[in-house]
Amino acid sequence: MRNLVVFLLLICAGFANAQSKYVPVTNMKDLEAKLNANAAKTNTIMCDFVQEKHLSYLQDTIISKGKFWFQKENQLRWEYMQPYKYIIVITNGKFIIKDNNKKSEFDIQSNKAFKEVNNMIVSSVRGTLMKDAKFQIAAFQNANSYLIKLTPKDKTMKAVLKQVELYFNISDQTIYKVKMIENQDDYTIINFKNRKINEKIPPAVFIVN
Amino acid sequence: MKKFLLLFLLLISALFISCSHKTTQVTNDVVIPSIQPILRKDFNTALYQTQIDIKERHFSGLFYFKNMPDTSTRIVFLSEMGMGFFEFEYKNREFKVISCQDFFDKKIILKTLQNDLRLLIDLPKDSIVSPFILAHSMDGNLTYELVGKSESYLYTINKENAIVFIQEKRKKIQVLEYEGNTPKQIQIEHTKFPLKLEFNLVNVK
């Protein structure tokens, strides 16, 4: 009887493990079509996020929390609220940063680095990063989610990032997690929660005072 | 009588002269406090939100200090979004670069930043405290000189024996506020190199 219980527990554990294990996506075009369709019908996104910066050697994690707003085509507010205050707003061709009380404003088009960052953030949020030729792309899935791994081809980005992982819900193709892995194996995970899609965002959200 | 009066007058004069000067030679009655670094070793990790203005560039991010079991200190500067700018190890009074992004990976910038960080986590290398109190302010702060091999530093400490100000030929460091033993706000300003740093405490464990 005891052996039967152990056997059943092992079967359950194996089954659970199989559920979470990722396998390569066989039909990339189908996946891309689903993500594009979702992106096409998404006009606004509002959500909370929890960011975990994992310092591998130091065995420590820095946790921060905040809110995120996105409005088509490329208006975005990324606001850290705990344990520090920091705001990034992209709007009207400007990249605005407010750290503590200091506000800095940059023209996206005149600054290559900001242009790249802008493209990457917006593409990540909209789930259209798969179209970006600057990355080598591999896609996987399990019972609940798609995992898209992006490996930078660009030398400058490679110096900073080893890989970016995007996690999408299979049910509605919304992105729920991003993992950015650096070259020393430190990594940052951003989990998105309390997502609201296509709700009206007040214009004041994209103003920084 | 005359002799005693003269001696008395000389003693009074000496007392008057010594009171009007700011320097006081330490006697056996005065104890030179043991000066501790701005960031003492009594924490595991400390996280500071930091702004660095260097040349025409402005960086903001988080400075993470960790005291390791082997007595070394690890220092990481990363952006608020988690990307690392640089990581140093401070061990046996020397810095080692663990990782560094391009902009900071220049000898003069690394050396300047490391010298600044040394003054936060340690005392100047091979320095000794000069046995003179150079200044004694109304609020009880004392200023001492620390003499190193090639530099001298003026250290001002408060009544709680914590450093509030360091003056060196090329820079000054101010600790504007303490939370217990932990500095809450630190400013470093260079006079000959375009560099300013401001640290604001986020948390300490």
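Remember, it's a predicted structure, so these values are computed and weren't measured experimentally.

1. Overview of the overall build of chain B
Reasoning step 1: Looking only at helices and strands, chain B has 2 helices and 13 strands in total.
Reasoning step 2: Going through the 205 residues of chain B one by one, you find that 48% of them count as buried.
Reasoning step 3: In chain B, of all internal contacts separated by at least 6 residues, the share reaching a separation of at least 24 is 40%.
Reasoning step 4: Counting only carbon and sulfur atoms, one obtains 56% of the accessible surface of chain B, whose full area is about 11,400 Å².

2. Describing the pairing of strand β9 (residues 145-152) of chain A
All names here are of chain A.
Reasoning step 1: In terms of residue burial, β9 counts as a mostly covered element, since 6 of its 8 residues are buried.
Reasoning step 2: The pairing of strand β8 (residues 135-141) with β9 spans 7 bridges and is classified as antiparallel. When the sheet's bridge partners are listed, F135 is paired in β9 with P152.
Reasoning step 3: Where β8 hands over to β9, the hairpin turn is made up of 3 residues, counted between the paired strands.
Reasoning step 4: Where β9 and strand β10 (residues 161-169) come together, 6 bridges link them in antiparallel fashion. When the sheet's bridge partners are listed, K149 is paired in β10 with E165.

3. Quick word on the packing of aromatic side chains
Residues and elements named next belong to chain A.
Reasoning step 1: The full count for this structure, using the stated rule, is 27 aromatic pairs over all chains.
Reasoning step 2: Ring geometry for Y167 against Y176: centres 6.1 Å apart, planes inclined by 55°, an arrangement best described as tilted.
Reasoning step 3: One cation-aromatic arrangement involves K149 over F140; the distance from NZ or CZ to the ring centre is 5.1 Å.

4. Quick word on the interface of chain B and chain A
Reasoning step 1: Counting from both sides, the interface comprises 25 residues of chain B and, opposite them, 27 residues of chain A.
Reasoning step 2: Summing both sides of the interface, chain B and chain A together bury roughly 2,200 Å²; the carbon and sulfur share of this comes to 58%.
Reasoning step 3: Summed over the three residues of chain B that lose the most area to chain A, namely B:E80, B:M81 and B:M83, the buried surface amounts to 28% of that side.
Reasoning step 4: Applying the counting criterion to the chain B and chain A interface returns 10 residue pairs in polar contact (both at pLDDT 80 or more).
Reasoning step 5: Of all elements in the fold, only β2 (45-54), β3 (57-67), β4 (73-78), β5 (84-91) and β13 (195-204) of chain B reach the threshold of two or more residues within the side of chain B that touches chain A.

5. Quick look at the sheet that holds strand β4 (residues 75-82) of chain A
Residues and elements named next belong to chain A.
Reasoning step 1: Spatially, 12 strands are ordered β1-β8-β9-β10-β11-β12-β2-β3-β4-β5-β6-β7 in an open sheet, and the strand pairing comes out antiparallel. The sheet terminates laterally at β1 (23-24) and β7 (102-107), the two strands that pair on one side only.
Reasoning step 2: This element, helix α2 (residues 28-40), spans β8, β9 and β10 of the sheet and lies at about 100° to β9.

6. Quick look at the side chain of A:S64
Residues and elements named next belong to chain A.
Reasoning step 1: Residue placement: S64 occurs in strand β3 (residues 60-71).
Reasoning step 2: Looking at S64, its side chain comes within polar contact range of the side chain of Y84, at 3.3 Å.
Reasoning step 3: Here S64 is in contact with F49, V50, Q51, Y80, Q82, P83 and Y84, once residues within four sequence places are set aside.

7. Here's the deal with the confidence of the model for chain A
Reasoning step 1: Looking at chain A, the pLDDT average stands at 85 and 85% of residues meet or exceed 70.
Reasoning step 2: Within chain A, β1(A) carries the highest mean pLDDT (96), whereas helix α1 (residues 2-20) of chain A carries the lowest (53).

8. Some details on unusual backbone geometry
Reasoning step 1: Of note, the amide linkage connecting A:K72 to A:E73 takes the cis form, showing an omega dihedral of 5°.
Reasoning step 2: Summarising the element assignment, A:E73 is placed in the loop between β3 and β4.
Reasoning step 3: That bond from A:Q82 to A:P83 is cis: its omega, -10°, falls within 30 degrees of zero.
Reasoning step 4: Mapped onto the elements, A:P83 comes out in the loop between β4 and β5 (86-91).
Reasoning step 5: With phi around 50°, B:N92 is a residue other than glycine that occupies positive phi space.

9. What about the side chain of A:S104?
Reasoning step 1: If you trace the backbone, A:S104 turns up in strand β7.
Reasoning step 2: Taking the relative accessible area as the measure of exposure, A:S104 reaches 12% and is therefore buried.
Reasoning step 3: If near-sequence neighbours (up to four positions away) are discounted, A:S104 is found in contact with A:F95, A:I96, A:I97 and B:H58.

10. Observations regarding the nonpolar core
Reasoning step 1: Counting residues in each nonpolar core, the largest one holds 49 residues, and the members touching the most others are B:F63, B:F65, B:L120 and B:F199.
Reasoning step 2: It is helix α2 (residues 107-121) of chain B that provides the largest number of residues to this core, a total of 7 residues.
Reasoning step 3: If you look at the next biggest cluster of nonpolar residues, it comprises 46 residues, including A:L76, A:I97, A:I148 and A:F192.

11. Some points on the pattern of salt bridges
Residues and elements named next belong to chain A.
Reasoning step 1: Here the structure, examined in full by the defined rule, presents 16 salt bridges over all chains.
Reasoning step 2: One salt bridge connects D107 with K94, and the closest N-O pair in it is separated by 3.7 Å. Separated by 13 residues along the polypeptide, D107 in strand β7 and K94 in strand β6 (residues 94-99) bring together distant segments of the chain.
Reasoning step 3: Its relative accessible area of 32% is what places D107 among the partly exposed residues.

12. Section: the environment of B:V97
Residue and element names in this part refer to chain B.
Reasoning step 1: Summarising the element assignment, V97 is placed in strand β6 (residues 94-100).
Reasoning step 2: Overall, V97 belongs to the partly exposed group, its relative accessible area being 36%.
Reasoning step 3: Sequence separation of V97 and E87 is 10 residues, and the distance between their C-alpha atoms is 6.3 Å.
Reasoning step 4: For V97, the contacting residues outside a window of four places in its chain are E87, F88, L110 and Q114.

Calculation notes
Residues numbered from 1 in each chain as written. Chains lettered and ligands numbered in written order. Predicted model: local features only at pLDDT ≥ 70, side-chain atom pairs only at ≥ 80, totals over all residues. Heavy atoms only, no water. Helix = DSSP H or I, 4+ residues; strand = E, 2+ residues; numbered from the N terminus. Buried < 20%, exposed > 50% of the residue type's maximum accessible area, 1.4 Å probe, protein only. Contact = heavy atoms within 4.5 Å. Areas by Shrake-Rupley, 256 points an atom, 1.4 Å probe, with all protein chains shown as cover. Pairing = 2+ DSSP bridges. Phe/Tyr/Trp six-rings, centres within 6.5 Å; stacked < 30°, edge-to-face > 60°. Lys NZ or Arg CZ within 6 Å of the ring centre and 35° of its normal. Buried area = accessible area lost by both parts, 1.4 Å probe. Polar contact = N/O pair within 3.5 Å; in protein donor to acceptor, adjacent residues only side chain to side chain. Axes fitted to C-alpha atoms, helices over the stretch in contact; angles between N-to-C directions. pLDDT = per-residue confidence, 0-100. Core = buried A, V, L, I, M, F, W, Y, C linked by side-chain atoms within 4.5 Å. Salt bridge = Lys/Arg side-chain N within 4 Å of Asp/Glu carboxyl O.

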